[in-house]
Amino acid sequence: MYTPGNILYFTPFYFPDGGKVKNKYFIVLATSPENTLIATLPTSKDHIPAQIEKSHGCIDLPDINFNCYYFEAQKPITDEGRGFPLETYIYGPQVALFDKCKFKNLYSVQEIDYEIVGKLLEPEFVAIINCIKNSRTVKRKIRRALGATFKG
C-alpha cells in the first residue's frame with residue numbers, strides 16, 4: 001500500500017486538518033523509517049495561470065512562485081495503463097507528510113477503505129519527484145527528504 005509510486009483511491013479520505021470528508025486520490029512519493037509518508041493529494045482544480053500553455057508534466061514558474069505537475073485526462077500513467085479520469089494536478093506546496101500509523105488505523109481494508117489504482121510508470125514517477133524536489137515552492141523539509149531518497 002505504501003510503496004512509493006502507488007496511486008491510492010480512498011473512499012472516503014479523512015483530511016488531517018478536519019476538512020470535508022470525500023473520496024480522494026493519493027500518491028505515495030516516499031516513506032521514512034519514522035512511520036512517515038511523503039505524499040500528495042492530486043486535485044482536478046486548475047490553478048495554472050491562464051497565459052501558461054498546459055503540457056503533461058512539470059510546470060515550474062519560479063518567477064511567480066508556482067509549481068505543479070499536470071496530468072492530461074485519461075493519459076496512461078500506471079503500469080496497468082490507467083490514468084486519471086479528469087485533468088489532474090499536483091501542486092508543489094501541497095505535498096505533505098502523513099502519519100503511517102494513523103493511516104493503518106483509518107484505512108485497514110483494501111477494496112473497502114481504499115483501492116490501489118496502480119503504480120506510476122517509472123519515467124512518470126521520476127519526473128514527478130524531480131519536479132517537486134527541485135522547486136522552491138515546496139517545503140524545504142520535503143525537498144531535503146526527497147533529495148536524500150532519490151538521487152539524480
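In short, a report on the structure. (Residues numbered from 1 in each chain as written. Predicted model: local features only at pLDDT ≥ 70, side-chain atom pairs only at ≥ 80, totals over all residues. Heavy atoms only, no water.)

1. Here's the deal with the nonpolar core
Alright, step 1. Core analysis: the biggest nonpolar cluster contains 21 residues, and I27, L29, F71, I90, I128, I132 and L146 have the highest contact counts within it.
Alright, step 2. With five residues, the single largest contributor to this core is helix α2 (residues 122-133).
Alright, step 3. Residues in contact with I27, not counting those within four places in the same chain, are N6, I7, I38, A39, T40, P42, F71, F84, I90 and L120.
Alright, step 4. Core analysis: the second largest hydrophobic core is formed by 15 residues, Y2, F13, F103 and Y114 among them. (Core = buried A, V, L, I, M, F, W, Y, C linked by side-chain atoms within 4.5 Å. Buried < 20%, exposed > 50% of the residue type's maximum accessible area, 1.4 Å probe, protein only. Helix = DSSP H or I, 4+ residues; strand = E, 2+ residues; numbered from the N terminus. Contact = heavy atoms within 4.5 Å.)

2. Some points on the state of the cysteines
Alright, step 1. This structure, assessed with the given rule, holds one disulfide.
Alright, step 2. Distance from the sulfur of C68, which forms no disulfide, to the nearest cysteine sulfur (C131) is 7.0 Å.
Alright, step 3. On the accessibility criterion, C68 (0% relative accessible area) is buried. (Disulfide = S-S within 2.5 Å.)

3. Overview of a nonpolar patch on the surface
Alright, step 1. Residues Y14, V21 and L106 make up a contiguous nonpolar surface patch of about 260 Å² in total accessible area.
Alright, step 2. Looking at the element boundaries, Y14 is found in the loop between β1 (6-13) and β2 (22-32). (Patch = residues over 30% accessible without salt bridge, like charges linked within 9 Å, V, L, I, M, F, W, Y side chains within 5 Å. Areas by Shrake-Rupley, 256 points an atom, 1.4 Å probe, with all protein chains shown as cover. Salt bridge = Lys/Arg side-chain N within 4 Å of Asp/Glu carboxyl O.)

4. Overview of empty space enclosed by the protein
Alright, step 1. In the structure shown here, the tally under the stated rule is one cavity of 30 Å³ or more.
Alright, step 2. In this model, the largest cavity occupies a volume close to 40 Å³.
Alright, step 3. Residues belonging to the lining of the largest cavity are distributed by class as follows: five nonpolar, two polar and one charged. (1 Å grid on protein atoms, 1.4 Å probe; cavity = no way out; pocket = protein on both sides within 12 Å on 5 of 7 lines; lining within 4 Å. Points joined across faces, edges and corners; volume = space filled by probe spheres on them. Nonpolar A, V, L, I, M, F, W, Y, C, P; charged D, E, K, R; others polar.)

It is worth stressing that arrangement in space is one thing and function is another; only the former is reported here.
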